[in-house]
Amino acid sequence: MTLSNKFNTLDKYTEATKTGYKLLPFKFHRLSKSESICVNLVGEHIILNRQDLVRLVEGKITPSESIYNDLKSKHIILDDDSKVALELLSLKYRTKKHRVSQFTALHIFVVTLRCDYTCKYCQVSRQMEGANKYDMSEKTALEALKLVFMSPSKSLKIEFQGGEPLLNFELIKFIVETAQAINENEKRDLQFVITSNLTFLDNSVLSFCEKYDIYISTSLDGPEELHNKNRPRPKKDGYTKTISSIKRIQEFLGPHKVSALMTTTADALEKPIDIIDEYVQQNLHSIFLRPISPYGFAIKTKQSEKYNIDHWMNFYKAGLKYIIELNKAGYFLSEQYTAIILKKMLTPSDPGYVDLQSPAGAGISAVVYNYDGDVYASDEARMLKEMGDEKFKLGNVHKNSYEELFSSDALLDALEESLPESAPMCSDCGLVTYCGADPVYHYATQGDVVGKKPISFFCKKNMSIIEHIFSLLNNESDREILESWVQ
């Protein structure tokens, strides 16, 4: 039996066509029965009908056609008149990937596991408000700060998480002041963010945030009834405290110093308009429509099993449609996940969002220092540990050097195995340039860092969102609004 070659030789793909052009690397994805999107290495794209796509591959597009120059400008074809095209494409690719060389920019300090809330979808193993043994110490914070400034990144963001980080506010003050002192010599672009439920916000916190230009991030799940149901406090006053604190921050620090995000529970699925209206009412100008993450109490309470990707996409599409309508009516409000993907689609730079990185953002874009000094490749990796699995633990600030932590097998193996460009199905996907890898998510849900993409919520969510964004960009008025989110 004689076996024939399944693929043509490389020369077949690189030789000039009859019309004088060569094909540069690109992938395509079918948007409908009649149209496909062609995407090059850096995310530049063009929508072609099926006939033109076939003609493109067969080398039958002629220079006299307007589409020829479009394909040429998008670095999908190369001819003798574009000698600098490859150098330009290389420059664009390096620009897209420059964050890899900059390495870790986001450093998350879990200053305590204590919390006064009992959120049913909480991703971590929270502890009672008085359990001080779950607080980070100054000694641990100092060791972590040494690692922060060993990162080659010119920009460093330190984010304080918990639990509720303001329950250990004295340590936050110590870290910020120490980091600022170190930065007198380092001269980095240094930023701070406190992620808080705002219960313990007072004038001393606000004054400190004003002095050191600290941003505050919180959670707002929607109107009072929904918010309090999702995020209960013993006194059932979570919504009231959150709203009053948001207003205090806006008045004291400025409207741009506070942002909020929501988590989509099953109770939220039918209320996208009510949730978004709540954000408008509170004079917030960004919202992050995010599904439940499959970690911690979200697993124990089975919250992550209460809806599927179709349910969530219906919620997302209805919400995004309403947000665009609000913008057209004069109120600026951006959906942040959409804005992140739009930046990858429409600009030369990459926003560096951890979940949409290739290689994966775990460890490279973000790292987590737990209250006990343990170091994790991502916030989700820390959450996984709280469920009893230390697969993505890199080491400990008291025991391991910077080199040992960031060249550990726990990190490098996960990055190598989950690289989208070489992962099964991802490598053939026309949307891979806009997507990324999440080895922690796939390991948590499927027991494998690569994951089986046909049953991956992560994969289905991103593919559906990207396809939907492309459909919106085809509408001139919608496109104008969407483009304003990345300016």
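Note that residues are indexed from 1 along each chain, following the sequence as it is written. Given that the model is predicted, a residue must reach a pLDDT of at least 70 before its local features are reported, and side-chain atom pairs must reach 80 or more before they are shown or counted; all residues, however, enter totals for whole chains, interfaces and linings. Side-chain metrics rest on all non-hydrogen atoms present in the structure, leaving aside hydrogens and water.

Chemist: Is there a simple way to explain the overall build of the protein chain in this structure?
Modeler: The secondary structure content of the protein chain amounts to 20 helices and 16 strands. Values of the radius of gyration come from C-alpha atoms, whereas the globule rule sets the reference at 2.2 Å times the count of residues to the power 0.38. In terms of C-alpha radius of gyration, the protein chain reaches 24 Å, essentially the compact-globule figure of 23 Å for 487 residues. Taking the principal axes of the C-alpha coordinates as reference, the protein chain spans close to 75 × 50 × 50 Å. Should any heavy atoms of two residues lie within 4.5 Å, those residues are considered in contact. In the protein chain, once contacts between residues fewer than 6 apart in sequence are set aside, the share between residues at least 24 apart is 69%. For accessible areas, the Shrake-Rupley method is used with a probe of radius 1.4 Å. Any residue's cover is judged against the shown protein chains and nothing else. For the protein chain, the accessible surface area stands at approximately 22,600 Å², while carbon and sulfur atoms represent 51% of it. A residue counts as positive if it is Lys or Arg and as negative if it is Asp or Glu; His and the chain ends are not included. Charged side chains are reduced to one point each, which is NZ for Lys, CZ for Arg, CG for Asp and CD for Glu. Taking the average place of the 59 positive charges on the side chains of the protein chain and the average place of its 65 negative ones, the gap between the two points comes to 2 Å. Only runs of H or I of at least four residues qualify as helices and only runs of E of at least two qualify as strands under DSSP, and these elements are numbered from the N terminus.

Chemist: Would you mind showing me how to read the side chain of Ser-219 here?
Modeler: Mapped onto the elements, Ser-219 comes out in strand S9 (residues 215-219). With residues near it in sequence (within four places) discarded, Ser-219 still touches Ser-196, His-227, Arg-231, Thr-242 and Leu-261.

Chemist: Explanation requested: the pairing of S9 in the structure shown.
Modeler: Within a regular strand, the side chains alternate between the two sheet faces. Burial of S9 is extensive: 4 of the 5 residues sit out of reach of the surface. Viewed with both strands pointing away, a crossover whose connecting path from the first strand over the helix to the second turns clockwise is right-handed. Assessed by its sense of winding, the connection that carries the chain from strand S8 (residues 189-195) through helix H8 (residues 203-211) to S9 is right-handed. A pair of strands is treated as paired once DSSP finds two or more bridges between them. In this structure, S9 lies alongside strand S10 (residues 258-264), joined through 4 bridges in parallel fashion. When the sheet's bridge partners are listed, Ile-216 is paired in S10 with Val-258. Only protein chains enter the area calculation, which uses a 1.4 Å probe; residues under 20% of their type maximum are buried, those over 50% are exposed, and those in between are partly exposed.

Chemist: Teacher, can you tell me more about the packing of helix H11 (residues 272-281) against helix H13 (residues 309-328) here?
Modeler: Between two packed helices, the angle of one axis relative to the other and the distance separating the axes together describe the packing. At a minimum axis distance of 9 Å, the contact between H11 and H13 shows a crossing angle of 40°. Relative to H13, the element H11 lies oblique. Taken as a pair, H11 and H13 cross one another with a handedness that is right-handed. Only Phe-315, Ala-318, Gly-319, Tyr-322, Ile-323 and Leu-326 of H13 make contact with H11, whose side of the interface consists of Pro-272, Ile-273, Ile-275, Ile-276, Asp-277 and Val-280. Think of it as three bins: nonpolar holds Ala, Val, Leu, Ile, Met, Phe, Trp, Tyr, Cys and Pro, charged holds Asp, Glu, Lys and Arg, and polar takes everything else, Gly as well. Class assignment of the residues belonging to the contact of H11 with H13 gives a composition of 10 nonpolar, 1 polar and 1 charged. Between N-to-C directions, angles cover 0 to 180 degrees, with each direction set by a line fitted to C-alpha atoms, over the stretch in contact for helices. By the definition adopted for this analysis, an angle is roughly parallel if under 35 degrees, roughly antiparallel if over 145, roughly perpendicular if from 65 to 115, and oblique otherwise. Put simply, a crossing is left-handed when the front helix is turned counterclockwise from the back one by less than a right angle, and right-handed when it is turned clockwise.

Chemist: What am I meant to see in the packing of aromatic side chains here?
Modeler: Given two aromatic rings, one states the distance between the centres and the angle between the planes to describe the pair. The criterion for an aromatic pair is that two Phe, Tyr or Trp rings (for Trp, the six-membered ring) have centres within 6.5 Å, with stacked assigned to planes under 30 degrees apart, edge-to-face to planes over 60 apart and tilted to the rest. In the structure shown here, the tally under the stated rule is 15 aromatic pairs. Between Trp-312 and Tyr-316, the ring centres sit 5.4 Å apart and the planes meet at 15°, which makes this aromatic pair stacked. With Trp-312 and Tyr-316 both in helix H13, this residue pair falls 4 residues apart, about one helical turn. Take Trp-312: its relative accessible area is 1%, and that puts it in the buried class. Between Tyr-337 and Tyr-353, the aromatic rings sit 5.8 Å apart at their centres with planes inclined by 85°, giving edge-to-face as the arrangement. With Tyr-337 in helix H14 (residues 336-346) and Tyr-353 in the loop between H14 and strand S14 (366-369), the pair connects residues that are 16 residues apart, well separated along the chain. Tyr-353 gets classed as partly exposed once you look at its relative accessible area, which sits at 25%. Put simply, the rings of Phe-103, Tyr-402 and Phe-406 touch in pairs and so form one group of aromatic residues. The positively charged end of Lys-257 is found above the aromatic ring belonging to Tyr-215, 3.9 Å away from the centroid. Put simply, a charge is over a ring when the Lys NZ or the Arg CZ is close to the ring centre, within 6 Å, and near the line of the ring normal, within 35 degrees.

Chemist: Could you clarify how one ought to interpret the nonpolar core in this entry?
Modeler: It is characteristic of soluble globular proteins that their nonpolar side chains tend to be buried jointly. In terms of nonpolar packing, the biggest core is built from 127 residues, with Phe-109, Ile-158, Phe-160, Ile-175, Ile-287 and Tyr-369 touching the most fellow members. Ranked by residues supplied to this core, first place goes to H13 with 10 residues. With sequence-adjacent residues up to four places away left out, Ile-175 is seen in contact with Phe-109, Val-111, Ala-141, Leu-145 and Phe-160. Buried Ala, Val, Leu, Ile, Met, Phe, Trp, Tyr and Cys residues that are joined via side-chain atoms within 4.5 Å together make up what is termed a nonpolar core.

Chemist: In this structure, what is going on with helix H2 (residues 50-58)? I would like to understand it.
Modeler: An α-helix turns once per 3.6 residues; consequently, residues spaced three or four apart project the same way. Those residues of H2 lying buried are Asp-52, Leu-53, Arg-55 and Leu-56. Projected down its long axis, H2 carries its buried residues within an arc of 165°, all on one side. Against strand S1 (21-23), strand S2 (26-30), strand S3 (35-40), strand S4 (45-49), helix H3 (66-73) and strand S5 (77-79) lie the buried residues of H2. We call two N or O atoms a polar contact when they sit within 3.5 Å, provided that within protein one can donate a hydrogen and the other can accept it, with sequence-adjacent residues counted only if both atoms are side-chain atoms. Two or three places before Gln-51, at the start of H2, stands the capping residue Asn-49, its side-chain oxygen 3.2 Å from that residue's backbone nitrogen. After H2 finishes, the residue Gly-59 shows a positive phi value of roughly 75°. This arc is taken over the directions from the axis of the helix to the C-beta atoms.

Chemist: So what exactly am I meant to see when it comes to helix H19 (residues 457-473) here?
Modeler: Here the expected span of a helix is defined as 1.5 Å times the quantity of residues minus one. Here H19 contains 17 residues, and its C-alpha end-to-end distance of 24 Å stays within 8% of the 24 Å for a straight helix at 1.5 Å per residue. Those residues of H19 that fall on the buried side of the exposure criterion are Phe-458, Cys-459, Lys-461, Asn-462, Ile-465, Ile-466, His-468, Ile-469, Phe-470, Leu-472 and Leu-473. Capping the start of H19, Ser-456 holds a side-chain oxygen 3.3 Å from the backbone nitrogen of Phe-458, two or three residues further along.

Chemist: How should I be thinking about the pattern of salt bridges in this particular structure?
Modeler: Side-chain pairs of opposite charge can arise where the charged atoms are in close proximity. Salt bridges are counted wherever a side-chain nitrogen of Lys or Arg sits within 4 Å of a carboxyl oxygen of Asp or Glu. Per the stated rule, a full pass over the model turns up 19 salt bridges. Among the ionic pairs, Asp-237 bridges to Arg-233, the shortest N-O distance being 2.5 Å. For the residue pair Asp-237 and Arg-233, the accessibility class agrees, reading buried in each case. Several salt bridges converge on common partners, so that one network encompasses Asp-52, Arg-55 and Glu-65.

Chemist: Sorry, what's going on with unusual backbone geometry here?
Modeler: In terms of backbone geometry, most residues other than glycine have negative phi values and most peptide bonds are trans. Residue Gly-163 follows Gly-162 across a cis peptide bond; omega there is 15°. With respect to the helices and strands, Gly-163 occurs in the loop between strand S7 (155-161) and helix H7 (169-186). Cis geometry is found at the peptide bond from Ser-358 to Pro-359, where omega equals -5°. Counting through the fold element by element, Pro-359 comes out in the loop between H14 and S14. Non-glycine residue Leu-198 carries a positive phi angle of around 75°. On the basis of relative accessibility, which here comes to 1%, the residue Leu-198 falls in the buried class. One non-glycine residue, Asn-283, lies in the positive phi region at around 60°. Tracing the backbone through its elements, the reader meets Asn-283 in the loop between H11 and strand S11 (286-287).

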